[in-house]
Amino acid sequence: MAELSLESVQEDYTRDGTVDLKGNPVLRSKRGGWTACSFLVVYEVFERIAFNGIASNLVRYLTRELHQGTVTSANNVTNWVGTMWLSPIIGAYVADAYLGRYWTFMIGSIIYILGMLLLTLAVSVPSLKPPACKNNTNAGIYFNCKEASPLHLGIFFLSLYILAIGNGGCKANISTIGADQFDAFDQKERARKHSFFNWWLFSVFFGNLIAATVLVYIQDNVGWAVGYALCTFGLMLAVIIFVIGTPFYRHKLPAGSPFTKMAKVLVAALRKRTVPLPSDTKELYELSLTAQVETKQFQIKATDSLRCLNKAAVKIPGKNSPWELCTVTQVEETKQMLKMLPILVSTFVPSMMLAQVNTLFVKQGMTLNRHIGAHFQIPPASLQAFGIISMLVSIVIYDRLGVPFLRKFTKIPRGISILQRIGIGQVLYIVTAAVAAMTEHHRLRVAREHGVVGTGATVPLTIFILLPQFVIMGIADAFMDPARFEFFYDQAPEGMKSLGTSYNFTSLGIGNFLSSLLLSIVSHLTKRNGGKGWILNNLNESRLYYYYTFFVALNCLNFVFLIVVSKNFVYKAEVSETETGH
């Protein structure tokens, strides 16, 4: 790699260690910035169309085409979505430790596309899926259905999980590639990075909206083969757009995995657990200022939180290996990542709630009257569009009106602290679960009154009775999603931003897996000793409102947990002066 000299800095070269694909320093005016990010934002729109075009309506495909029951289909969706969100952790590790973000992304994209092609083939070829049911109620209950064979299920789920592996290389790196386009040592470019993340979230929501309306309608009314083929085409187009932008990207060379850095601190502190700490933190080991400039590192001063880890930086003659001696900055970076773990745990239950949107909410919609006029039927999964719209509107209102108003009283630039915004989102999740329980109770009462409980026929209620739970969920997401993403990225130290981003993925992934676990446990326990069960294949015979009521209680307990851990959380030093509220 060419050496970055003082003269090159004066010629407007970036100072954060970014290079081109050949390893040469790059001019700020020639690469990066919004020119590069425009390709990434457009990529994300088409990728979200592809991903959500599958995820938002997958439970309906598993029910209608593969003839799976309520619990099985819902769990298969949440298990796959959970894998889609957890696989980026592996992708981030490979990028940071070995290949770099660009090449990890490119390899992931190839695998992603192969998975999409195989998935399209699985839904298109008649011999790769069971024959259609002879009759059905048009309300999500199917009769005289032949079970899907191991071959049918094997090919379909193999393609889904190949897709998930490729997604791990893409999703882990695309947003951090965007962040790399702005020089962390330049004040103006740091400010533009915040604007990039706003547009990034907008591209995510916009892609989801197209998927939940156009693609879902095509899948339900034109055919699954056409709908999935369009998802595949959208992904291929997204990758082509990303590749076209290659000459404009800045790149960061692999600097080692954050997991390895944290492991070194923990091991060094454990080895020196009996060594006393010096009274003056200046006696702890740290790189010289010259070395920090050369390695493009931000120095962090020693703090008293988790003081036991400071022992990793105690200097002992003869013990200088990276697993025996760590810098103060490395220790403080590890502390900051560990301190975020309780907040991470508090986001699992909201992520479980979010998992219901693609599963049980859609299953409810399949039991209701979906007609608008004489000929048009709204797809059950398309109600997600109203949640997305309510989220977008809420974000704009909060950003343009709420933040300036609150700032007058709190003196906090964001209006309220990030954790307070997460707290508001969690309260709204409680309201969502309560509204969903009341709506489901009303739906079952009407089903009993019209004698369609046992038959599983369509309940004579408009599907729009589900609208409030989708809309409130969207408002909750407007507070929760951006705040969760911003919290884990903002509070992660500069050297571990990719790991901070992975925390956000971890929240969504574990939330989906916990949703599968909870649904299975509840289904099993409520059928014991001759019990009728809360969640059956025929939702008209189920007691789904009990399940939603349980979610109300679970969200309330989780909110109390959030309050407790928030009171003990200390923000990073650079924002602690303004983030005085929790």
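Definitions and limits used
Residues numbered from 1 in each chain as written. Predicted model: local features only at pLDDT ≥ 70, side-chain atom pairs only at ≥ 80, totals over all residues. Heavy atoms only, no water. Helix = DSSP H or I, 4+ residues; strand = E, 2+ residues; numbered from the N terminus. Rg over C-alpha atoms; globule rule 2.2 N^0.38 Å. Buried < 20%, exposed > 50% of the residue type's maximum accessible area, 1.4 Å probe, protein only. Contact = heavy atoms within 4.5 Å. Areas by Shrake-Rupley, 256 points an atom, 1.4 Å probe, with all protein chains shown as cover. Phe/Tyr/Trp six-rings, centres within 6.5 Å; stacked < 30°, edge-to-face > 60°. pLDDT = per-residue confidence, 0-100. Salt bridge = Lys/Arg side-chain N within 4 Å of Asp/Glu carboxyl O. Expected span 1.5 Å × (residues − 1). Arc of directions from axis to C-beta.

A. Fine view of the overall build of the protein chain. Looking only at helices and strands, the protein chain has 19 helices and 6 strands in total. Against the 2.2 N^0.38 benchmark of 25 Å for 582 residues, the protein chain shows a C-alpha radius of gyration of 26 Å, consistent with a compact globule. Judged by the C-alpha coordinates and their principal axes, the protein chain covers about 80 × 50 × 50 Å. Relative to its full complement of 582 residues, the protein chain shows a buried share of 56%. If you take every contact in the protein chain between residues at least 6 apart in sequence, the share linking residues at least 24 apart comes to 80%. Only carbon and sulfur atoms are counted for the fraction: they give 65% of the accessible area of the protein chain, which is about 24,700 Å².

B. Spatial organisation of the packing of aromatic side chains. Under the definition given, this model contains 31 aromatic pairs. Arranged with centres 5.4 Å apart and planes meeting at 70°, the rings of Phe487 and Phe488 form a pair that is edge-to-face. The same class applies to Phe487 and to Phe488, which are both buried. When the ring of Phe487 is compared with that of Phe569, the centres are 5.2 Å apart and the planes differ by 55°; the resulting orientation is tilted. With Phe487 in helix α17 (residues 467-491) and Phe569 in the segment after α19 (544-567), this pair connects stretches of sequence that are 82 residues apart. One exposure class covers both Phe487 and Phe569, and it is buried.

C. Spotlight on unusual backbone geometry. Here the phi dihedral of His67 falls at roughly 60°; this positive angle occurs in a residue that is not glycine. The topology assignment puts His67 in the loop between α3 (58-64) and α4 (70-99). A residue is classified by how much of its surface remains accessible, and His67, at 17% relative accessible area, is buried. Here the phi dihedral of Asn529 falls at roughly 55°; this positive angle occurs in a residue that is not glycine. Structurally, the position occupied by Asn529 is in the loop between α18 (497-525) and α19.

D. Just the confidence of the model for the protein chain, in detail. Taken over all residues, the pLDDT of the protein chain has a mean of 88, while the share at 70 or more is 91%. Note that pLDDT drops below 50 for residues 1-10; the model gives that stretch 13 contacts with residues more than four away or on any other chain. Here residues 574-581 is modelled with pLDDT under 50, and outside its nearest four sequence neighbours on either side it reaches 16 contacts, counting other chains as well.

E. Main features of the side chain of Ser175. Within the secondary structure, Ser175 is located in helix α6 (residues 150-180). For Ser175, a relative accessible area of 5% corresponds to the buried category. Once residues within four sequence positions are removed from consideration, Ser175 is found in contact with Phe196, Phe197, Trp200 and Thr501.

F. View of the pattern of salt bridges. Following the criterion strictly, the structure yields 13 salt bridges and no others. Residue Asp180 pairs with Arg101 through a salt bridge whose shortest N-O separation is 2.4 Å. Residue Asp180 is found in helix α6, and its partner Arg101 is found in helix α5 (residues 101-124); the two are separated by 79 residues along the sequence. Judged by its relative accessible area of 6%, Asp180 is buried. Here the residues in one salt-bridge network are Asp96, Arg101 and Asp180, joined through shared partners.

G. Geometry of helix α9 (residues 258-271). For α9, built from 14 residues, the straight-helix expectation of 20 Å at 1.5 Å per residue is met to within 8% by its first-to-last C-alpha distance of 20 Å. When we look at burial in α9, the residues that qualify are Pro258, Met262, Val265, Ala268 and Ala269. Here the buried residues of α9 occupy an arc of 130° about the axis, which is enough to place them on one side. For α9, the exposed residues set more than 90 degrees away from the buried face come down to Leu270 and Arg271. Of the surrounding secondary structure, the elements contacted by the buried residues of α9 are α4, α11 (328-339) and α18.

H. Quick look at the environment of Leu118. Mapping Leu118 onto the fold places it in helix α5. Look at Leu118 and you get partly exposed, because its relative accessible area is 23%. Aside from chain neighbours lying at most four places away, what touches Leu118 is Ile155, Leu158, Ser159 and Ile162.

I. The arrangement of the environment of Val71 in detail. Relative to the helices and strands, Val71 is located in helix α4. Val71 sits in the buried class, given a relative accessible area of 16%. A C-alpha to C-alpha distance of 9.1 Å links Val71 and Leu360, two positions 289 residues apart in sequence. Discounting residues that sit within four places of it in the chain, Val71 has contacts with Leu519, Ser523 and Ile535.

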